[in-house]
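Commentary on secondary and tertiary structure
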Amino acid sequence: QRAEPDLVGEAFTMAVEKSLKPSRLVATTLYNTVDDMTKGLSFSTQSLKKFAEPLAERAKEIGSIEAKNAGDDLVNAIMELPETISYGAMKDLRSRLLSRIDEFSIINKKAPAIGKAKQFISLSDNTIQTTLAKENPEALQLWRQANKIYREGSEQFDNEFIRRLVKQSVDKGNPEVIAKQIFKPGAISNIHKAKNAVDEKTWTQLKSWYVQDLLKKSTSPEGEI
């Protein structure tokens, strides 16, 4: 059948979302279980503030120049946190920092905000791990399991290449670019990433479009291949 690039692109986006949802649901359930098990526990923000303090001073000197790309808003927000917060707040903080990384990994991979956000996440993880190891080892095991499931889902269905494809389709309204972006000469690793992110039916549609596109480009005005 004739595979239209816009329909194939839409099918790709839907397949990725459908595949990602189950792993996210399992991870979220585990994270929420840890939340229930840690009611009353406090998690220190000291290490995050210690890292942020000199960055905040530097930001004051420089002013608002490229503030968001530099991650100044993240630094200021960290400095305004209470001395201790709940597990739920720490979890949401990590999610927001991850969201910033995802955003800039697409629009500006060189933004200093990415490095700062990653460091804040690392410090948050260390705080959670240290606190749970001391106060609730069972919750720590569930938290590690949730992280593993979330990470594996991200690597397969929400990696940088896949996010860029979906963003082009959704934000710019150009689903037809997805198939063309996947099948680029020599881009073997990206082809593997795309294949691993969708079901067999969707992948067959993508391959069908690619073969048809090759034939179209290889056909003379007289109709000869």
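Structure report, in brief. Predicted, not measured: the structure shown is a model, and the values here were computed from it.

**Side note on the overall build of the protein**
Helices and strands together make up the secondary structure of the protein, namely 11 helices and two strands. Going from N to C terminus, the protein has its helices and strands arranged as α-β-α-α-α-β-α-α-α-α-α-α-α. Its C-alpha atoms give the protein a radius of gyration of 22 Å, more than 25% over the compact-globule value 17 Å for 225 residues. By principal-axis analysis of the C-alpha atoms, the protein measures approximately 75 × 45 × 25 Å. The long-range share in the protein, meaning contacts at least 24 apart out of those at least 6 apart in sequence, stands at 78%. Approximately 13200 Å² of the protein is accessible, and the part contributed by carbon and sulfur atoms is 52%. Once the 34 positive and 31 negative side-chain charges of the protein are each reduced to a mean point, those two points are 3 Å apart.

**Some points on the environment of serine 95**
With respect to the helices and strands, serine 95 occurs in helix H5 (residues 87-107). Under the relative-accessibility criterion, serine 95 is labelled partly exposed at 42%. Spatially, the C-alpha atom of serine 95 lies 8.9 Å from that of isoleucine 121, the residues being 26 residues apart in sequence.

**Points about unusual backbone geometry**
Note on backbone geometry: most residues besides glycine have negative phi, and most peptide bonds are trans. Even without glycine at this site, glutamate 66 takes up a positive phi of about 50°. For glutamate 66, the location among the structural elements is in the loop between helix H2 (46-62) and helix H3 (67-70).

**Here we look at the packing of helix H1 (residues 5-37) against helix H7 (residues 137-157)**
Between H1 and H7, whose axes approach to 9 Å, the crossing angle comes to 165°. As far as their axial angle goes, H7 and H1 are roughly antiparallel. Judged by the twist between their axes, the crossing of H1 over H7 is left-handed. In this structure, H1 contributes Val16, Ser19, Leu20, Ser23, Arg24, Val26, Ala27, Leu30, Tyr31, Thr33, Val34 and Met37 to the contact, and H7 contributes Glu138, Ala139, Leu142, Trp143, Gln145, Ala146, Asn147, Ile149, Tyr150, Gly153, Ser154 and Phe157. Partitioning the contact of H1 with H7 into residue classes produces 15 nonpolar, seven polar and two charged.

**Some details on a nonpolar patch on the surface**
Together, Val211, Leu215 and Ile225 give the surface a local cluster of nonpolar side chains, amounting to about 300 Å² of exposed area. By the secondary structure assignment, valine 211 is in helix H11 (residues 200-217). Taking relative accessible area as the criterion, valine 211 reaches 46% and is therefore assigned partly exposed.

**Things to note about the pattern of salt bridges**
The tally for this structure, following the rule as stated, stands at 14 salt bridges. Its salt-bridge partner being aspartate 92, residue lysine 91 comes within 3.7 Å of it at the nearest N-O pair. We classify lysine 91 as buried; its relative accessible area is 14%. For aspartate 92, a relative accessible area of 37% translates into the label partly exposed. Its salt-bridge partner being glutamate 103, residue arginine 100 comes within 3.9 Å of it at the nearest N-O pair. Pair noted here: arginine 100 and glutamate 103 are both in helix H5, with a separation of three residues, about one helical turn. For glutamate 103, a relative accessible area of 32% translates into the label partly exposed. Residues participating in the shared-partner salt-bridge network are Lys68, Asp73, Arg100 and Glu103.

Parameters and conventions
- Residues numbered from 1 in each chain as written.
- Predicted model: local features only at pLDDT ≥ 70, side-chain atom pairs only at ≥ 80, totals over all residues.
- Heavy atoms only, no water.
- Helix = DSSP H or I, 4+ residues; strand = E, 2+ residues; numbered from the N terminus.
- Rg over C-alpha atoms; globule rule 2.2 N^0.38 Å.
- Contact = heavy atoms within 4.5 Å.
- Areas by Shrake-Rupley, 256 points an atom, 1.4 Å probe, with all protein chains shown as cover.
- Lys, Arg positive; Asp, Glu negative; His and termini not counted.
- Charge placed at Lys NZ, Arg CZ, Asp CG, Glu CD.
- Buried < 20%, exposed > 50% of the residue type's maximum accessible area, 1.4 Å probe, protein only.
- Axes fitted to C-alpha atoms, helices over the stretch in contact; angles between N-to-C directions.
- Parallel < 35°, antiparallel > 145°, perpendicular 65-115°, else oblique.
- Left-handed = near helix turned anticlockwise from the far one by under 90°.
- Nonpolar A, V, L, I, M, F, W, Y, C, P; charged D, E, K, R; others polar.
- Patch = residues over 30% accessible without salt bridge, like charges linked within 9 Å, V, L, I, M, F, W, Y side chains within 5 Å.
- Salt bridge = Lys/Arg side-chain N within 4 Å of Asp/Glu carboxyl O.

Everything listed is a geometric property; what it means functionally is a separate question.
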